[in-house]
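Structure assessment
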Amino acid sequence: MYSGCLRDCNMDTRNFGFIVALICILITQAKAEDPYHFFEWKVTYGTISPLGVPTQVILINDKFPGPVINCTSNNNIVVNVFNNLDEPFLLTWNGVQQRKNSWVDGTPGTMCPIQPGTNFTYKFQQQGVGIIQVHSRPLIPVPFDNPADEFAVFVGDWFNKGHKALKNLLDGGNSIGHPEGIHINGKSAQVGTQAEPSWTFEAGKTYRFRFCNPGMRTSVNFRFQDHDMKLVEVEGSHLMQNEYMSMDLHVGQCMSVLVTADQPPKDYYLVVSSRFTKQVHTTVSTIRYAGTNIPASPELPTPPPEKTAGIAWSINQFRSFRWNLTASAARPNPQGSYHYGQINITRTIKLVNSRNYIDGKLRFALNGVSHIDPKTPLKLSEYFGLAEKEFKYDIIPDMPPADIEKNVKIAPNVLNATYRNFVEIIFENHENTIQSYHLDGYSFFAVAIEPGRWSPEKRKNYNLEDALSRHNVAVFPGCWAAVMLTLDNAGMWSLRSEMWERFYLGQQLYVSVLSPERSLRDEYSLPETTQLCGIVTNLPKPPGYV
């Protein structure tokens, strides 16, 4: 089963501009006769106070975190979203591959926003399992016993300013600053606080916790008081199972752990603390063994080290993640049947992030290009044959310029890619803050993270046998990360920083993957229900693919 940033459809939607929610699962095409699940989501404002300060948030069906979707691999999901806000809204399904279907990917580069007072219906099909609680079909064995129960847990940073205030800061050329605290499922508590338990254990039983970090900018570490964790899944991949005392979880990442109730019956804390921040924030939630009311010990498990030692600790944890090659993935075949390490690389793209000030205003860039969204979604202008009126391809070079701090371009950032090429992407971080990257439409093999600068001879250190297939990779200060993938999913796909101020202020690009055949075999035609905007608003739709 697979964890995602909207597992059980819980979500943190406090983004800016087009309000973008994180929803993470793995999806591919399903058969037409597979079951349908229909959902109606009403998007409204609400107020919650995790840190004691009332903060405006976005609610889905009056809930924060949001509602639950339970489904099975290959199910068809139909979500009718009503925007009752006073601003445009988009829902992006972070980690959903949307095979051949970037039309509903929910990013400003692929879709027109849902305007206030209107609705839009997302239609997609599932294969895989996720924190949109997607269960494996019976013919796909899961490499661990069914848990007694499953719990979805959102953990991340919290800002007491609402999303409109944060947007105003960024629009004024400023940073959003540092968070005021950490939350667990929209709540924050400290040791000794009287609170109802969040979860109840039966002694001797094993439980699955699906963790996601949908935060704005902060990595976190989570750990259970007096209980070990067995890591069983990361972003759709089953792992060789190891036990851990604590786990780092970077922005946009998701993972599942098993926890066995094997301690003396009483209360225990789940502890979540910030990582690589000047001020460390910590919060707790309570786990109670059934039939007891003995308070948890105030002595919390020790967090991992910080600074340079902490980076080494977290990189070593990344290296301990190994794909379970004998387990089945979304399809009923072993994960190791795809030998990515034996495919020749056809293109290497090295991306270096930078923090820049242009005319006194803060911007972020990749290889000297800071992305802005044109009035027309990139995919629509491309499909209508009007791309040249809205953007230019490949203004970003495959290798960073000598000095990425100078002459930064602010423009739509679209990389033209070749369908079915096998590519290598290097993320190199020269800054002193951690980075986190995500690519829509794909899972990639995260083959290496190392300190220093990347060069071709570093390939000898790649894991070319059992690296995890996933959709997010962290890049530590002064380090690089390498991922590999086949561009076999036609569409327009967002590659972006998961740090929301960086994403909003330009640290992103789009990868245009066009099939030369213009065939339904490779990509769906523009759906009839697609909303049009910008320069294509009143144009007749081009002939569909055949």
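Position labels on residues start from 1 in each chain and follow its written sequence. Reporting of local features is limited, given that this is a predicted model, to residues whose pLDDT is at least 70; pairs of side-chain atoms are given and counted only at 80 or more, and all residues count toward the totals for whole chains, interfaces and linings. The basis for every side-chain value is the complete set of heavy atoms in the structure, and neither hydrogens nor water enter the calculation.

Going by an unreviewed UniProt entry, the protein chain carries the name L-ascorbate oxidase and comes from Mikania micrantha.

Right, let's get into the packing of aromatic side chains. Pairing of aromatic rings covers Phe, Tyr and Trp, the last through its six-membered ring, and needs centres within 6.5 Å; plane angles under 30 degrees mean stacked, over 60 mean edge-to-face, and all others mean tilted. Taken as a whole, this structure holds 30 aromatic pairs when the rule is applied. Relative to tyrosine 207, the ring of phenylalanine 201 has its centre 4.5 Å away and its plane inclined at 5°; by these criteria the two rings are stacked. Summarising the aromatic geometry, the rings of phenylalanine 276 and phenylalanine 476 are spaced 6.1 Å apart at their centres and angled 75° between planes, so their arrangement reads as edge-to-face. With phenylalanine 276 in the loop between strand 18 (267–275) and strand 19 (282–289) and phenylalanine 476 in the loop between strand 29 (472–475) and strand 30 (479–486), this pair connects stretches of sequence that are 200 residues apart. Note on classification: 1.4 Å probe, protein chains only; a residue is buried when its accessible area is under 20% of the maximum for its type, exposed when over 50%, partly exposed between these limits. Among the residues examined, phenylalanine 276 registers a relative accessible area of 25% and is labelled partly exposed. Looking at phenylalanine 476, the relative accessible area reads 1%, which means it is buried. Aromatic ring contacts, followed pair by pair, group Phe151, Trp199, Phe201, Tyr207, Phe209, Phe211, Phe222, Phe224, Tyr268 and Tyr289 into a single cluster. Charge-over-ring contacts are defined here by two conditions on Lys NZ or Arg CZ: a distance within 6 Å of the ring centre and an angle within 35 degrees of the ring normal. Geometry around tyrosine 268 places lysine 266 over its ring, the cationic atom sitting 4.5 Å from the centre. Strands here mean DSSP runs of E at least two residues long; helices mean DSSP runs of H or I at least four residues long; both are numbered from the N terminus.

Once that is clear, we can look at the pattern of salt bridges. Any Lys or Arg side-chain nitrogen found within 4 Å of a carboxyl oxygen on Asp or Glu counts as a salt bridge. Going through the model one piece at a time under the given rule, you end up with 22 salt bridges. Among the ionic pairs, glutamate 150 bridges to arginine 210, the shortest N-O distance being 2.9 Å. Taken together, the positions of glutamate 150 in strand 9 (residues 149–158) and arginine 210 in strand 12 (residues 206–212) put the pair 60 residues apart, joining distant regions of the chain. Considered together, glutamate 150 and arginine 210 belong to a single accessibility category, that of buried residues. Residues joined by salt bridges that share partners form a network here, namely Asp248, Arg275 and Glu306.

In this section: the sheet that holds strand 19. At least two bridges found by DSSP between two strands are what make those strands a pair. Pairing within the open sheet is mixed, and its five strands lie in the order 11-19-18-13-16. At either margin of the open sheet sits one strand with a lone partner, and together these are strand 11 (199–201) and strand 16 (247–249). The sheet shows a mean angle of 30° between the axes of neighbouring strands, direction not considered. Pairing of strand 13 (residues 219–224) with strand 16 involves three bridges; the strand directions are antiparallel. Residue pairing for strand 16: valine 220 is matched across the bridge by leucine 249. Residue contacts are counted whenever heavy atoms from the two residues lie within 4.5 Å of one another. Convention adopted: a line fitted to C-alpha atoms gives each axis, helices being fitted over their contacting stretch, and angles between N-to-C directions are expressed from 0 to 180 degrees. Helix 2 (residues 307–319) rests against strand 13, strand 16 and strand 18 of the sheet, and its axis sits at about 95° to strand 16.

A few words now on the nonpolar core. In this description, a nonpolar core means a group of buried Ala, Val, Leu, Ile, Met, Phe, Trp, Tyr and Cys residues linked to one another through side-chain atoms lying within 4.5 Å. Ranked by internal contacts, the top residues of the largest apolar core, which has 44 residues, are Phe209, Phe211, Phe222 and Phe224. There are two domains that each give this core at least three residues, and those are domain 2 (149–320) and domain 3 (340–514). Leu439, Phe444, Leu495 and Met499 belong to the second-largest nonpolar core, a separate cluster that totals 38 residues. Throughout, the edges of the domains are those of an automatic or database domain assignment.

We now examine the sheet that holds strand 32 (residues 508–514). The mixed open sheet is built from five strands, whose spatial order is 24-32-31-26-29. Across the chains shown, the open sheet's two edge strands, defined by having one partner strand only, are strand 24 (414–418) and strand 29. Pairs of neighbouring strands in the sheet enclose a mean axial angle of 20°, with direction left out of account. As paired strands, strand 26 (residues 435–439) and strand 29 are joined by four bridges and run antiparallel to one another.

The next thing to look at is the pairing of strand 18. Of all nine residues making up strand 18, nine are buried, and the element is well covered by its neighbours. For strand 13 and strand 18, the ladder comprises six bridges, and the chain directions are antiparallel. Note on strand 18: the bridge partner recorded for valine 220 is serine 274. Two successive antiparallel strands, strand 18 and strand 19, enclose a turn made up of six residues, where phenylalanine 276 displays a positive phi of approximately 60°.

Let us look at the state of the cysteines. In plain terms, two cysteine sulfur atoms within 2.5 Å form what is called a disulfide here. Counted according to the given criterion, the structure contains two disulfides. At a sulfur-sulfur separation of 2.1 Å, the disulfide partner of cysteine 112 is cysteine 533. Taking the sign of the torsion about the S-S bond as the criterion, the disulfide between cysteine 112 and cysteine 533, at about -95°, is left-handed. Remark: cysteine 533 occurs in the segment after strand 32 and cysteine 112 occurs in the loop between strand 6 (89–92) and strand 7 (119–125); sequence separation between them is 421 residues. The two residues cysteine 112 and cysteine 533 agree in class, both being buried. Here cysteine 212 is linked by a disulfide to cysteine 254, with a sulfur-sulfur distance of 2.0 Å. On the sign convention where negative is left-handed, the bridge of cysteine 212 and cysteine 254, at about 115° about the S-S bond, is right-handed. Of the two residues, cysteine 212 sits in strand 12 while cysteine 254 sits in strand 17 (residues 254–260), which places them 42 residues apart along the sequence.

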